[in-house]
Amino acid sequence: QVQLVDSGGGLVQAGGSLRLSCAASGRTFSVNDMAWFRQAPGVEREFVAVIKRNTAWTYYADSVKGRFTISRDNAKNTVFLQMNSLSPEDTAVYYCAAGLNGRWPPRMSQDYNYWGQGTQVTVSS
């Protein structure tokens, strides 16, 4: 089992920045990929970004490319999502996810085995 605790959400004005964190514990050695998804009210959960644990390969959704950066600190079993130039369209609950299977790039919810509890990001105009 892998446990994920995500944090760092909050309220920010448009154009501002936030940094989300996801701390993993448990059988973290089994994890291949760590990702962020988001879900706005009435909308399906959507992929945001993923990072491969051993190579640090990254992949982003087109909607966040150039604005968001995913990174990891393997020594601390933590993944980060630096979000810049935020807009109201980025408002959502952001979820950290951990995947075991290694298919690349893993962009579907079904590619992930463990999920964090979610952290709310609200961007005001």
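Look a little higher up for the structure.
Residues numbered from 1 in each chain as written. Predicted model: local features only at pLDDT ≥ 70, side-chain atom pairs only at ≥ 80, totals over all residues. Heavy atoms only, no water.

This part takes up the pattern of salt bridges. Enumeration according to the criterion identifies six salt bridges in this entry. Taking the shortest distance from any N to any O, the salt bridge between D90 and R67 comes out at 2.8 Å. Remark: R67 occurs in the loop between β6 (58-60) and β7 (68-73) and D90 occurs in the loop between β8 (78-83) and β9 (92-99); sequence separation between them is 23 residues. Like R67, D90 is buried. (Salt bridge = Lys/Arg side-chain N within 4 Å of Asp/Glu carboxyl O. Helix = DSSP H or I, 4+ residues; strand = E, 2+ residues; numbered from the N terminus. Buried < 20%, exposed > 50% of the residue type's maximum accessible area, 1.4 Å probe, protein only.)

With that settled, the discussion passes to the nonpolar core. The tendency in soluble globular proteins is for nonpolar side chains to be buried side by side. Counting residues in hydrophobic clusters, the biggest one holds 35 residues, and the most contacted among them are L4, M34, W36, L81, M83 and Y94. Elements that contribute at least two residues to this core include exactly β1 (2-7), β3 (18-26), β4 (33-39), β5 (46-52), β7, β8, β9 and β11 (119-124). Setting aside anything within four residues of it in sequence, one finds L4 in contact with C22, A23, A24, M34, C96, A97, A98, Y114, W115, G116 and Q117. (Core = buried A, V, L, I, M, F, W, Y, C linked by side-chain atoms within 4.5 Å. Contact = heavy atoms within 4.5 Å.)

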